[in-house]
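# Coordinate analysis (summary)
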Amino acid sequence: DRNKESAELYQRVIKRFPARRNDVIAPLAAQLLWADRADAAIPLLQEALTRKPNDRDSAINLGEALQTTGKYPQAIAVYDELLTKNSNDAAARRGKAWALLRSDRFADAEPLFRDILKSDPNNADARIGLARTLNFSGRHQDAIRAYDQLARDFPKDQGIQVQRATAQYWAGMEQEAL
């Protein structure tokens, strides 16, 4: 795992050259996040942002790490702060939409996904997020239609097939879901 190896290298740099901590803390945290160590990345990203409050990449990574650990309200707060600085920040908009979806705030997530799709109609991530939002909010038929279009556009994506089957099952279409 290259991310794990990179994180270990950054940790050795900090141990051997403590004065370089400020230079490598944000990349270390990013490598930890990408190595599935979000819990270890969070305090480092918070420290990096204390030192450099306008470090957008660290803030995006912090939001992702918070979501990964199930801390959705904190992630939403991070994305909101980014959006006050730049309301068109696509990564912050996407992150906030997913955090809202994952915290069961479907009515808040849906307009964000739709807004992303207005400016980028082919954004697969936002299309999947919208379909999930529709399904989880009980609009199964709308979700099925969204998944049908996704399945046409991405016929080899088994995850989309599974999500469409889930929507069909929840809509009472057990036979179609099989």
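This write-up is about the structure you can find in this document. Quick caveat: nothing in here was measured; it's all calculated off a predicted structure. (Residues numbered from 1 in each chain as written. Predicted model: local features only at pLDDT ≥ 70, side-chain atom pairs only at ≥ 80, totals over all residues. Heavy atoms only, no water.)

The next point concerns the nonpolar core. Judged by nonpolar contacts, the single largest core of 51 residues is most densely connected at Leu32, Leu62, Tyr79, Phe113 and Tyr147. In terms of residues, this core owes the most to one element, helix 3 (residues 38–51), which gives eight residues. Discounting residues that sit within four places of it in the chain, leucine 32 has contacts with Ala7, Gln11, Arg37, Ala38, Ala40, Ala41 and Leu44. (Core = buried A, V, L, I, M, F, W, Y, C linked by side-chain atoms within 4.5 Å. Buried < 20%, exposed > 50% of the residue type's maximum accessible area, 1.4 Å probe, protein only. Helix = DSSP H or I, 4+ residues; strand = E, 2+ residues; numbered from the N terminus. Contact = heavy atoms within 4.5 Å.)

Before going further, it helps to spend a moment on the layout of surface pockets. Of the voids in this model, the largest pocket is the one considered here, and its volume is about 180 Å³. In terms of lining residues, the largest pocket is bounded by 13 residues, among which Pro53, Ala59, Glu81, Leu82 and Lys85 are the most central. When residues of the lining of the largest pocket are traced back to their parent elements, those giving at least two are helix 4 (56–68) and helix 5 (72–85). Top element by residues in the lining of the largest pocket is helix 5. It accounts for four residues. The class makeup of the residues in the lining of the largest pocket is six nonpolar, two polar and five charged. Counted as a void, the second largest pocket has a volume near 150 Å³. Ranked by residues supplied to the lining of the second largest pocket, first place goes to helix 6 (residues 90–102) with five residues. For the lining of the second largest pocket, the residue count by class is four nonpolar, three polar and four charged. (1 Å grid on protein atoms, 1.4 Å probe; cavity = no way out; pocket = protein on both sides within 12 Å on 5 of 7 lines; lining within 4 Å. Points joined across faces, edges and corners; volume = space filled by probe spheres on them. Nonpolar A, V, L, I, M, F, W, Y, C, P; charged D, E, K, R; others polar.)

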